[in-house]
Amino acid sequence: MASSDGFPASFYGEPGVLGMLSNGISAFLVLLQNFHTAHTGTAPAGVENILAGVHLILIGGVCQLVAGMLSFRKYDHLSGTAFIGYAALWGSYGATRIYFGASAQTPTIVPLPAQIMNNLSTNMTSNMSLTATVVIPVCHVCLSIKETAIAGLVPYILLSFLLAFCSATVNYIMPLVFGAITATLVFEAVGLVASSWALVVSGVLELLILMCAIYGSAALLGKGLTQRLVLKGFGTPLFNVLLLGTTNSGSAQKIGQEKKKNTKYAEPMALGFFCDTVAPFIFAFYSFGYMKSFGVGVAWVSIITVAQLFSSYYAHLRQDCYHTTKFGLHATYWLIKAWDEFVLSALVLEDGKVASGREAMVGNWFFVMAGVMLCVGSLNTDVLELIHNMLFVLLTLSTIPQIALQGYYIFFGVACSLFTAASLYCTFSRLINTIAEKSLIPVGPQPISSEMLKKALMCCRANQGDQEALPQTDQGSDALFYISNGVAALSALHARSSSLNPAFLHLTVPWVLISGAIIQAYVSRLQVTGGGRFGSVIPTIYVAVWATWTWFRFSGNLLQLSAEAAYGFTAGAIALLVINAFLMLIAAYRNLVLLFLTSVMEVVLVCFLLSTLQRLPYEFEIAMLALFSIICIYGALASLVNCIFSNRLLPMGPPLIKEKVRWESVPELPCPVANSRLTSSLMKIAGLLEEGGVCGVPTDTVYALAASCKNPRAIENIYNIKDRPAEKPICICISNVEQLVEAKPPFSPLLWEFMRNVYPGGISCIVSKGDWLFKLGVGPAYDRVGTKDSIMIRVPDHTVIGHLCDITGPLAITSANPSGEPDSTHHTMVINRLGHKLQGVLCDGDSNEVVASTVVNCLKIDEGTITIVREGCVPAVKVHQIFERVKSTMV
């Protein structure tokens, strides 16, 4: 995370400038309203509050969200978590201001339905005028605005304090900003229920936030422009967390797990637990009766859910299928429960109908099973993760609709309180341990060894000794795909009598629509980045299926659609049946589980068609939806476990249609390809590079794009091919250290010895630039590689790329993937994603690793320090061990 003054670890500039300014300007907007209220004694109302809320959402929410996203791409754990977390805070507070403004508007005059008019006319005296309008008071869902704001601010106060503490391990500007935000939130909460003095104190603190944010932004901007620390405040922490504690031996057993993740992005686990702290805290306040309505609470929970989806997304980019699934599942649960309670707040029905409507719902049982599935997956991590998942299972059990309403909310509130406490500790431990790159805050050992867990999971296989490699068609988001469909299917399950209960129809809409359409649309986006042959075809079509299902089966009954409208849905159902038949063909290329799923969906769509014709056999539909859910829970468990271990431990069944790769079809490919085992192929790629082409080549880690240093224009083309930001430098690749020796760079003996210990291998070293690069053969590309003062050198432990460098001279290389997407671990991924832009691809099958090299900043090695800019296939712990050993031999 840290970097030297001379080399920017931020490949994406300094997003901290945008993040801090967003906090400062948002605080300034609230400051103006607070001082005005304290001075005049009149609180802002109406349009003034609405405009303030919109500005807070745009500046504090959207702008800071962008800063957080860039920070994650910059491999900045703390800033990524803080900026996206504060984006959710300002967005929620802005939404609350809008609610305040809307609730202060004049009552609305609306026309009365004819039936109510008739009832009124029979009870009114002749001298009373009867009009077709009535004055409606403030909407019930806008009640408890202040109480909801307090319930939302309290968890942010706790989390902001943790962020302030953690930021003290990085610099001494961010602790001031985050600490001032913490104190501000305290007095903002007090100001909602107390006199104006709290608003004055809050305004003073907001002024401090603005001043610190402006100074911090100027310091970061100067650092980004000059590549050195112009203003003080960054680069020197209040206390160095790296000097605390010792490396936990328990972390060593997780090195094998971590090297399977794409470490080009910051770890999103702290952000995921951050969101798991806010949402249940708000629900706890609501469950214990502090909030009378969830009309405003739904905005707070929905916004924090979006932040949690970002944590799931960045876990997916890191190829961390476990946290992709976990945070995606939690986001689905919080979003559904929020809108479920919102519908209850908005409904004006008899308690008996609401109770019977809830008892008929069974979708929550899928969350219970999914929670147990996560417990199985967490057996491969640590005790803290397992405890957190067990508390989530307790949480889902507490919301089983069949629990009597008298005990339902008490049970739910207690479960939310326990889950909040566990999530708060998880946030702190993950953030500190990530910054320190060692286990300072205890998280417990791994509950069960990986080998024992593998043996237990393989007990149902016929050949227990065989471990089948995970096919390229399987993706880390598959488990979330099965979960979203399973929740939707089980939620849609109901008897004939339930379709006549308006409470059931209202309550079922968010369960089916959110899981089946909204979350599955997110899964579709994840599968687009996976590089699979069929991409996101199946989840995209199923988004339309569940959205149409919700519209007709639940909303349609409430809207009382006409017969003509029903015939329109009949035509749509027939179209979906035809499309799903093609999806069955696609599934036949994947595995039997997916094929069974699409086959059952075909029968479910037949039931949907019959329902549009008023010929639905409810019992048959119930059986099919239940079977669909059972397939989904097994598919989710198998996909998650197999992805965690990168092996088929739980059977998914072979594909019925196997694709045969034929070399005869090479001319149909988007670019020329060559076999790495043939000398003639290697010479062919070398010739393309010499001619100024850009080619995909294998390395000892993941596939890379290569251009000859003799052709600067080809290096520029790399940026266009993968949409790479101009400020992100490109490294050079050579075949062996002796090439460096011949160039005679002015390296110290310590640096030479360190290089000889790490080269060749999955480590890249950042060193100072100089005229020696011309002797190395980089000459024409001097200004196109590295930064102004530094260059990253790569010596792969791979025969093919080594021979290629011997033929062509130094190559400029970067990972072969569209910027921001996962690395390419097979030549087919390079061809599918970038082949139409390349002059050739050297095919070598599966890559040796699934992540890029570890980047080490050696600019201050003579001062006895090195910095891990990016942890890759070689764990940071091992790099430091090598460096310490080298130093000890040089004394």
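Heads up: the structure comes first, above all this text.
Read on for a plain summary of the structure. Just so it is clear, the structure is predicted and the values come from calculations on it, not from any experiment.

The rules we used
- Residues numbered from 1 in each chain as written.
- Predicted model: local features only at pLDDT ≥ 70, side-chain atom pairs only at ≥ 80, totals over all residues.
- Heavy atoms only, no water.
- Core = buried A, V, L, I, M, F, W, Y, C linked by side-chain atoms within 4.5 Å.
- Buried < 20%, exposed > 50% of the residue type's maximum accessible area, 1.4 Å probe, protein only.
- Contact = heavy atoms within 4.5 Å.
- Helix = DSSP H or I, 4+ residues; strand = E, 2+ residues; numbered from the N terminus.
- Salt bridge = Lys/Arg side-chain N within 4 Å of Asp/Glu carboxyl O.
- Expected span 1.5 Å × (residues − 1).
- Axes fitted to C-alpha atoms, helices over the stretch in contact; angles between N-to-C directions.
- Parallel < 35°, antiparallel > 145°, perpendicular 65-115°, else oblique.
- Left-handed = near helix turned anticlockwise from the far one by under 90°.
- Nonpolar A, V, L, I, M, F, W, Y, C, P; charged D, E, K, R; others polar.

## Looking at the nonpolar core
Moving on, step 1. In this structure, Tyr156, Phe178, Phe294, Ile304, Leu395, Tyr482 and Trp546 are the most contacted members of the largest nonpolar core, which totals 166 residues.
Moving on, step 2. In this structure, tyrosine 482 is in contact with Phe366, Asn591, Val593, Leu594, Leu597, Cys632, Gly635, Ala636, Ser639 and Met652, ignoring residues within four places of it in sequence.
Moving on, step 3. Counting residues in hydrophobic clusters, the runner-up holds 60 residues, among them Ile721, Leu751, Val758 and Val841.

## As for unusual backbone geometry
Moving on, step 1. A cis amide bond links tyrosine 759 to the next residue, proline 760, at an omega of -10°.
Moving on, step 2. Tracing the chain through its elements places proline 760 in the loop between helix H27 (749-758) and strand E7 (763-768).
Moving on, step 3. Positive phi, normally seen in glycine, also occurs at glutamine 319, with a value near 60°.
Moving on, step 4. Along the polypeptide, glutamine 319 turns up in the loop between helix H11 (297-317) and helix H12 (321-346).
Moving on, step 5. Look at glutamine 319 and you get partly exposed, because its relative accessible area is 26%.

## As for the pattern of salt bridges
Moving on, step 1. In this structure the tally under the stated criterion is 11 salt bridges.
Moving on, step 2. Across the pair lysine 337 and aspartate 340 runs a salt bridge, and its minimum N-O distance is 3.8 Å. With lysine 337 and aspartate 340 both in helix H12, this residue pair falls 3 residues apart, about one helical turn. A single burial state applies to lysine 337 and to aspartate 340, both of which are buried.
Moving on, step 3. The shortest N-O distance in the salt bridge between glutamate 385 and arginine 430 comes to 2.9 Å. One end of the pair, glutamate 385, is in helix H15 (residues 383-398); the other, arginine 430, is in helix H16 (residues 405-436), and 45 residues separate them in sequence.
Moving on, step 4. The exposure class assigned to arginine 430 is buried, which follows from its relative accessible area of 11%.
Moving on, step 5. Connected via shared salt-bridge partners are Lys326, Asp382, Glu385 and Arg430.

## Digging into H11
Moving on, step 1. With 21 residues, H11 should reach 30 Å at 1.5 Å per residue; the first-to-last C-alpha distance of 31 Å fits that figure.
Moving on, step 2. The element H11 is largely enclosed, with a buried count of 19 among its 21 residues.
Moving on, step 3. Immediately downstream of H11, the backbone of glutamine 319 shows phi near 60°, a positive value.

## Here's the deal with the packing of helix H24 (residues 679-690) against helix H29 (residues 799-808)
Moving on, step 1. Where H24 meets H29, the closest approach of the two axes is 10 Å, and the angle between their N-to-C directions is 50°. Our classification of the angle between H24 and H29 gives oblique. Judged by the twist between their axes, the crossing of H24 over H29 is right-handed. For the pair H24 and H29, contact is made by Leu682, Met683, Ile685, Ala686, Leu689 and Glu690 and by Val800, His803, Leu804, Ile807 and Thr808, respectively.
Moving on, step 2. Of the residues assigned to the contact of H24 with H29, the class counts are 8 nonpolar, 2 polar and 1 charged.

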